[in-house]
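The primary structure of each chain is shown beneath.
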Amino acid sequence: VKCRRCKAPAVFEMRRHNAAFCADCFLRHCRDQVAKAIEQFDMIRPGERVLVAVSGGKDSLGLWDLLTDMGYEADGLYLGLGIGEYSDASRDCTVRFAEERGLKLVEVDIPTEFGFDIPTAAQVTRRVPCSACGLSKRHLFNKAAVDGGYDVVATGHNLDDEAAVLFGNVLRWQTEYLGRQLPVLPGVHGFARKVKPLVRLGERDLAAYCVLRGIDYQLDECPNAVGNRHLGFKEALNAVEDRSPGTKHAFYFEFLDKASDRFRPEAEAEQEGLRPCAGCAEPTVAELCAFCALVARVAP
Amino acid sequence: VKVLLRNPRRELDVPGPIRVHSLLEKLDINRESVLVIRGDTLVTGDALLEDSDSVEVRPVISGGAQ
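(A) Broad picture of the overall build of chain A. A count of helical and extended segments in chain A gives 13 helices and ten strands. Its C-alpha atoms give chain A a radius of gyration of 19 Å, near enough to 19 Å, the size a compact globule of 300 residues would have. With 300 residues in all, chain A has 51% of them scored as buried. Taking all contacts inside chain A whose residues are at least 6 apart in sequence as the whole, residues at least 24 apart take part in 69%. When the accessible surface of chain A is summed, it comes to about 13800 Å², and 50% of that surface belongs to carbon and sulfur atoms. Charged side chains of chain A number 38 positive and 43 negative; the gap between the two group centres comes to 5 Å.

Spelled out as structure tokens, the structure:
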């Protein structure tokens, strides 16, 4: 197989583009796709400061590498979740990546600062760990961005993540979620703008990018995520993709193009009645935001 | 061919020569969900692996709920 651009021997095939690339042309392709997403959805404007939410995995470290390589002023934010050896190894990968490149890393350790860890939060609330983890991340990413004066929070959600979430939301017709599943959430009502610059790249692309860039990322799966519903959706979509390359891309981007607007009123209705959280002042529809309510319950 | 698999980590010996896509079929692995790595680079599906080769089959699917 030869590279589509330069005809050198290829190292990576992208079936959804019916193309193969050598290492150099593939890295360029990744940068082009991120640049295209940023421009297409007006994600980051010139001169803006970006906070990249980094976990030590391939997507977030790949994103941080891409953004800094493309000239953006991007610092990292690492959240300590207290998930045993998995968190220790994830932090090691993140700190090493930042040190080797001389990048600024902001760290927030949930057990130290808030007195609980994710496994304990799951036990107390009797919900899946991903629930407490997700809401803590959303809250603390935003808080760190607002506190640090950043314009934008960038996360490593890729095409596979977005297609899997869309698939889950469509299977149950969760219309309020469909209305706000966008690659950019504007910075309004006390929230920093949230952007997903990797939506045009799949997770296989990100893993390949990291291998070819020599990025040493956390290879182990989060012990709490094993067997969760989100991973099941990804496997189902990959089974379709294998027979019909390009399906994931079409599913997500055609949704944005043709259907997303139809669900916008429901998402906007949810935004009405927002008021400051009694605990942290972040906008919420209840007296306490979901994170402050979690802290009150888990670490009173 | 020495084949390193992950999650859980284990090693297999598969007789070569064998093409990468045949190896993945033999192991019943969906090619969309892994990378095949030889040394510090990647190999495409048509690459021929010899008996003396060592490769890693690395899963790429990750993530919890958002």
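So much for the structure itself; the text now carries on.
(B) Examining the sheet that holds strand β1 (residues 2-5) of chain B more closely. Taken together, five strands build an open sheet; the order of strands is β2-β1-β7-β4-β5 (chain B) and the sheet is mixed. Where the open sheet ends on each side, the last strands, each with one partner, are β2 (10-13) and β5 (41-42) of chain B. Relative to β2 of chain B, β1 of chain B runs antiparallel, the two sharing four bridges. Residue pairing in the sheet places Leu-4 of chain B in a bridge with Glu-11 of chain B of β2 of chain B. Of the strands in this sheet, β4 (34-38), β5 and β7 (54-59) of chain B touch helix α9 (residues 203-213) of chain A, which is tilted by about 20 degrees from β4 of chain B.

(C) The sheet that holds strand β4 (residues 73-80) of chain A, seen in detail. All names here are of chain A. Strand order in the open sheet made by the six strands is β5-β4-β3-β6-β8-β7, with mixed pairing throughout. The open sheet terminates on both sides in strands that have one partner only, identified here as β5 (105-109) and β7 (184-185). Lying on the sheet, helix α2 (residues 58-69) is in contact with β3 (49-54), β4, β5 and β6 (152-154); it crosses β3 at an angle near 160 degrees.

(D) Main features of the environment of Arg-138 of chain A. All names here are of chain A. Within the fold, Arg-138 resides in helix α6 (residues 129-148). Relative accessible area serves as the criterion here: at 42%, Arg-138 is assigned to the partly exposed category. Counting along the chain gives 128 residues from Arg-138 to Glu-266, while the straight-line C-alpha distance between them is 21 Å.

(E) Quick peek at helix α13 (residues 290-298) of chain A. Residues and elements named next belong to chain A. Looking at α13, one finds that the buried residues are Phe-291, Cys-292, Leu-294, Val-295 and Val-298. Take α13 and look down its axis: the buried residues cluster within an arc of 155 degrees, on one side only. Lining the buried residues of α13 we find α4 (110-114), α5 (118-125) and α6.

Procedures and definitions
- Residues numbered from 1 in each chain as written.
- Chains lettered and ligands numbered in written order.
- Predicted model: local features only at pLDDT ≥ 70, side-chain atom pairs only at ≥ 80, totals over all residues.
- Heavy atoms only, no water.
- Helix = DSSP H or I, 4+ residues; strand = E, 2+ residues; numbered from the N terminus.
- Rg over C-alpha atoms; globule rule 2.2 N^0.38 Å.
- Buried < 20%, exposed > 50% of the residue type's maximum accessible area, 1.4 Å probe, protein only.
- Contact = heavy atoms within 4.5 Å.
- Areas by Shrake-Rupley, 256 points an atom, 1.4 Å probe, with all protein chains shown as cover.
- Lys, Arg positive; Asp, Glu negative; His and termini not counted.
- Charge placed at Lys NZ, Arg CZ, Asp CG, Glu CD.
- Pairing = 2+ DSSP bridges.
- Axes fitted to C-alpha atoms, helices over the stretch in contact; angles between N-to-C directions.
- Arc of directions from axis to C-beta.

Nothing here speaks to function; it is all geometry.
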